Amino acid sequence: MTLTEKVLARASGKSHVQPGDNVWVNVDTLMTHDVCGPGTIGVFKREFGKTAKVWDRNRVVIIPDHYIFTADSMSNRNVDILREFAKEQDLPYFYDVIDDPSGNWKFDVEKGQLKKQYGSRYTGVCHTTLPWKGHTRPGEILFGTDSHTCMAGAFNQFATGIGNTDAGFILGTGKLLIKVPESMRFFLEGQLPVGVMAKDVILHVIGEIGFDGATYRAMQWEGPGVNSMSMDDRMTIANMAIEAGGKNGIFPCDDKTISYVRERVTENGTKNTFDPVEIDSKQSFVYDKVFDLSKLEPTVACHPDPGNRKSAKELEKVTLDRAYIGSCTGGKTSDFLAFAEVVKGKTVKIDTFGVPATTRVVQDLKETVWNGQSVWQILESAGVRLTENASCAACLGGPVDTFGRLNTPMKCISATNRNFPGRMGNKESQVFLASPYTVAASALTGHITDPREFLS
Ligand code: SF4
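Residues numbered from 1 in each chain as written. Predicted model: local features only at pLDDT ≥ 70, side-chain atom pairs only at ≥ 80, totals over all residues.

Our focus in this paragraph is the sheet that holds strand β4 (residues 141-144). Strand order in this open sheet of four strands is β3-β2-β4-β5, and the pairing throughout is parallel. Each edge of the open sheet is held by one strand with a lone partner, namely β3 (60-63) and β5 (158-161). Each neighbouring strand pair of the sheet contributes to a mean axis angle of 15 degrees, computed without reference to strand direction. Relative to β5, β4 runs parallel, the two sharing four bridges. (Pairing = 2+ DSSP bridges. Helix = DSSP H or I, 4+ residues; strand = E, 2+ residues; numbered from the N terminus. Axes fitted to C-alpha atoms, helices over the stretch in contact; angles between N-to-C directions.)

A word on the site of the ligand. Taken together, 13 residues form the shell around the ligand, and within it Ser327, Cys328, Cys392, Cys395 and Leu396 come nearest. Those elements that provide at least two residues to the shell around the ligand are α4 (126-132) and α10 (327-330). Considering only residue class, the shell around the ligand consists of six nonpolar, six polar and one charged. Formed jointly, the shell around the ligand draws a minimum of three residues from each of two domains, domain 1 (3-177) and domain 3 (300-454). (Near = placed C-beta within 6 Å. Nonpolar A, V, L, I, M, F, W, Y, C, P; charged D, E, K, R; others polar. Domains from an automatic or database assignment.)

Here helix α2 (residues 37-48) crosses helix α3 (residues 73-89) at 45 degrees, and the two axes come no closer than 9 Å. With respect to α3, the axis of α2 lies oblique. Pair α2 / α3 crosses with left-handed handedness. Residues Gly37, Pro38 and Ile41 of α2 form the contact with α3, whose participating residues are Asn78, Ile81, Leu82 and Phe85. Grouping the amino acids of the contact of α2 with α3 by side-chain chemistry returns five nonpolar, two polar and no charged. (Parallel < 35°, antiparallel > 145°, perpendicular 65-115°, else oblique. Left-handed = near helix turned anticlockwise from the far one by under 90°. Contact = placed C-beta atoms within 7 Å.)

This part covers α2. Between its terminal C-alpha atoms α2 stretches 16 Å, which fits the 16 Å expected from 12 residues at 1.5 Å a residue. Inspection of α2 places Gly37, Pro38, Thr40, Ile41 and Phe44 among the buried residues, and these make up the whole buried set. Along the axis of α2, the buried residues cluster in a sector spanning 160 degrees; they form a single face. As for α2, its buried residues are in contact with β2 (29-33), β3, α3 and α5 (164-173). Glycine 49 sits one or two residues past α2 and shows a positive phi near 105 degrees. (Expected span 1.5 Å × (residues − 1). Buried ≥ 20, exposed ≤ 12 C-beta atoms within 10 Å, placed from the backbone. Arc of directions from axis to C-beta.)

The end-to-end C-alpha separation of α3 is 24 Å, in line with the 24 Å expected for 17 residues at 1.5 Å each. Turning to α3, its buried residues number three or more, namely Ser75, Asn78, Val79, Leu82, Arg83, Phe85 and Ala86. One side of α3 holds all its buried residues, which, seen down the axis, span an arc of 165 degrees. For α3, the exposed residues set more than 90 degrees away from the buried face come down to Ser73, Met74 and Glu88. In the core, the buried residues of α3 are packed alongside α2 and β3.

Printed below as a string of structure tokens:
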């Protein structure tokens, strides 16, 4: 069996499953956020009763992160609904924006977008929070009411996005019926050359198979190229399985996975037992291809979809209005460090916005010092508009006052993961997806730029 089949077989109590089987799986973790949480809670209460209790309070994780730092009252109200539910159900893993469990969330417009407006438990983007706070474990099943839940496949688990109805059902039962997907294998050899990042790998692969090339399939990553990648790299790749239509992305478990997970579960006191799935000698794939990482180049997905692949070099005539670094895919500490490596000591030429994925990333950037300056200061000195308010922000547009939102037709190069029309705001705008290196180099020149010009 493939890695995905092995996780699903175990979770459904079977010794063997095959693609197309419909199996009831026991869920290890359910995650929801401020956009889908209120709807999920509504389904749960309607179907299981107003006084029903969730199946396991320790397996429900609620992370407000999408429409947070906005004066939009409906969005603020969504966070309050999550708080009321977490209180009613006595949920230990609710990463609230404010500290008062009886309070109401309201964004302070006077304070502005840049300065911190959250309490001690707030974390930021859900998919980056889950591993940081010790909620991702090898061999487990994670469902989330968000399409990029597949990011947790980096940790050797079956992780995928679901709708509110399925999530409401899980809240009541802890189970879900799921069809076993076919698996595709992406076997990575070699090492990434200078200037090329994990983001380039996934953009290259999606360009190869198309934005629907993995529809309802598992994308399994293997090979020596995977071993050389950090957990952040694997997260970037697994995150974008959905941009090829994938049901999930999944990586083998190695020493890096184990030590990352052990450290986080210990730090946070979350469940510390897990059982990874290993690669079988016999696996059956509907697609199996080797990719040599050393041959890859800085890659860009052009408007209007993530499969519209070109090399950064080919696009040097494309002038830009904005650069953006942030999101679950591109707003991790390692992404910002790569960005800073390119812009340090220089000044960006176009409007450049930086939104750390989590509050931990904010802390890391302030505490990491290069030649007497924090990375945070280096970015600000380069002219990047950095906010302490970690969140999804303009990755998915959001209300009109969202930090970095494309409110007029413009061309933006972005370290995020999705570029369908209107994704970051204005429907006439064009979004070019790229690595943090390429976004940084392009921010310096004002046109799409191969970052190797700035790296030795
Ligand atoms: S950062 Fe973007 S892709 Fe990630 S969860 Fe938020 S909206 Fe979705």
